[in-house]
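This is what each chain is made of:
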Amino acid sequence: MRTPPSNPEEANVLVPSAVHMHGYVDCHCHISSGDFDKDIEEVIESSKKAGLLALLAVAEHAGEFDKIIELSRRFPGFIFPCLGVHPVQEVSPEQQRGASVQDLEAALPIIEKYKDQLVAIGEVGLDFTPRYVHCDADKDSQRQVLIRQAQIAKELDLPLNVHSRSAGRPTIHLLKEQGVEKALLHAFDGKPSVAMEGVKAGYFFSIPPSIIRSEQQKLVKQLPLENICLETDSPALGPEKQVRNEPKNICISAEYISKIKGVSLQTVMEVTTQNALRLFPKLKSAIRP
Ligand SMILES: [Zn+2]
């Protein structure tokens, strides 16, 4: 890992290739969501106009894996697939439950089938929001699903794209216990002090556009820019509640970080994109300077 520059404005001197890296990477996006079925071409086009170089399409359950792979083929070198089982599974739009080993078993053969095309395993993680966990066994089942996926990621030498809600500390501790070395903690809602344990372990944290209306602003202040990535989590976590979020809003995250850190937008762009390339090295072959 390179040492962080003492003056962040010098980042492009230390990383010469970054000079040409004019664009953002959306490290966590649900582009396979039905919300984008009607106008996916326009959504991708406007995200490119906003400076997006690539986006990581994460999955929540086995039922959407084929769609994600199809999208990555339809937009080669721009949409990069991540497959995984989310800690919360939707039974119906009104009903959700914690992930079980059965959900994982349905996913494993498809992950195996597409393993060479994946840039990460995700979205995986822990969600201890009270309505999803009713007892310790529910938490344990989520843990088992995450542990197994952490092992698969290690076997495939892939990073993890990680969700944690009301479970910041247990998530980071589990990843460390499992010896996970490469992980992106997306939209982390835990304490900054817990996030800093993740930084020590070499993990990255991605910041969504909803940061402008969230209580996690202290987190951005404390995290070193060298551990920050950008994400949109589209169609969720947009700048306005209840409005469909789009990958083009990635610049809202970047502008916010630039303001909080007191560095130029260009620096945020270059450093976060270099971070994304360090964490997801398979992007390198496709993103040409
Ligand atoms: Zn997500």
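Here the structure is shown first, and the text comes after it.
Definitions and limits used
Residues take numbers from 1 onward in each chain, read along the sequence in its written order. A pLDDT threshold of at least 70 governs which residues receive local features in this predicted model, and a stricter bar of 80 or more applies before side-chain atom pairs are shown or counted, although totals over entire chains, interfaces and linings include all residues. With hydrogens and water set aside, each side-chain value is computed from the structure's full complement of heavy atoms. Pairing between two strands is assigned when DSSP locates at least 2 bridges connecting them. The way it works is that DSSP assigns letters per residue, a run of H or I at least four long becomes a helix, a run of E at least two long becomes a strand, and they are numbered from the N terminus. Axes here refer to lines fitted to C-alpha atoms; in helices the fit is confined to the stretch in contact. Angles between the N-to-C directions go from 0 to 180 degrees. Throughout, a contact is declared for two residues whenever any of their heavy atoms are within 4.5 Å. A 3.5 Å cut-off defines polar contacts: any pair of N or O atoms within that distance qualifies, except that in protein one atom must be a possible hydrogen donor and the other a possible acceptor, and neighbouring residues in sequence count only when both atoms are side-chain atoms. In a helix, the anticipated span is given by 1.5 Å times the number of residues less one. Each residue gets one of three labels from its accessible area relative to the maximum for its type: buried under 20%, exposed over 50%, partly exposed in between, using a 1.4 Å probe on protein chains only. Within this document, salt bridges are pairs made up of a side-chain nitrogen of Lys or Arg and a carboxyl oxygen of Asp or Glu, the two lying within 4 Å of each other.

Trainee: Go over the sheet that holds strand S8 (residues 183–186) with me, naming the residues and quoting the values.
Mentor: The eight strands lie next to each other as S1-S2-S3-S6-S7-S8-S9-S10, forming an open sheet whose pairing is parallel. Edge positions in the open sheet fall to strand S1 (24–29) and strand S10 (228–230), since each of these has one partner strand only. Looking at each pair of strands side by side, their axes are set apart by 30° on average, direction ignored. Bridge analysis of strand S3 (residues 79–83) against strand S6 (residues 120–127) gives two bridges, and the strand direction is parallel. Within the sheet, the bridge partner assigned to Leu-83 lies in S6 and is Ile-121. Taken strand by strand, helix H9 (residues 250–261) contacts S1, strand S2 (52–57), strand S9 (204–207) and S10, and its axis lies near 150° from that of S10.

Trainee: With reference to specific residues and values, describe the side chain of Ser-234.
Mentor: Summarising the element assignment, Ser-234 is placed in the loop between S10 and H9. Polar contacts involving the side chain of Ser-234 include one to the side chain of Thr-232, which spans 2.6 Å. Within the structure, the side chain of Ser-234 is placed 3.5 Å from the backbone oxygen of Asn-245, a separation counted as a polar contact. If we skip the residues at most four places from it in the chain, Ser-234 touches His-28, Cys-29, His-30, Ile-31, Phe-36, Asn-245, Glu-246 and Pro-247.

Trainee: Outline H9, listing residues and values.
Mentor: Between its first and last C-alpha atoms H9 spans 17 Å; for twelve residues at 1.5 Å apiece the expected length is 16 Å, and the two agree. Residues of H9 that are buried: Ile-250, Ser-253, Ala-254, Tyr-256, Ile-257 and Ser-258. Lining the buried residues of H9 we find S1, S2, S9, helix H8 (217–222), S10 and helix H10 (265–279). Positive phi appears at Gly-262, one or two residues downstream of H9, with a value of about 65°.

Trainee: I'd like a rundown of the pattern of salt bridges, residues and numbers included.
Mentor: Opposite charge on two side chains permits pairing when their charged atoms draw close. Per the counting criterion, the structure on display carries nine salt bridges. A salt bridge links Asp-103 to Arg-97; the nearest nitrogen and oxygen atoms lie 2.9 Å apart. Under the relative-accessibility criterion, Asp-103 is labelled buried at 14%. Notably, a salt bridge pairs Asp-127 with Arg-165, separated by 3.3 Å at the nearest N-O pair. In this pair, Asp-127 is assigned in strand S6 and Arg-165 in strand S7 (residues 160–165), connecting sequence segments 38 residues apart. A single salt-bridge network, built from bridges that share partners, covers Asp-39, Arg-244 and Glu-246.

By themselves, these are just geometric observations and shouldn't be taken as functional.
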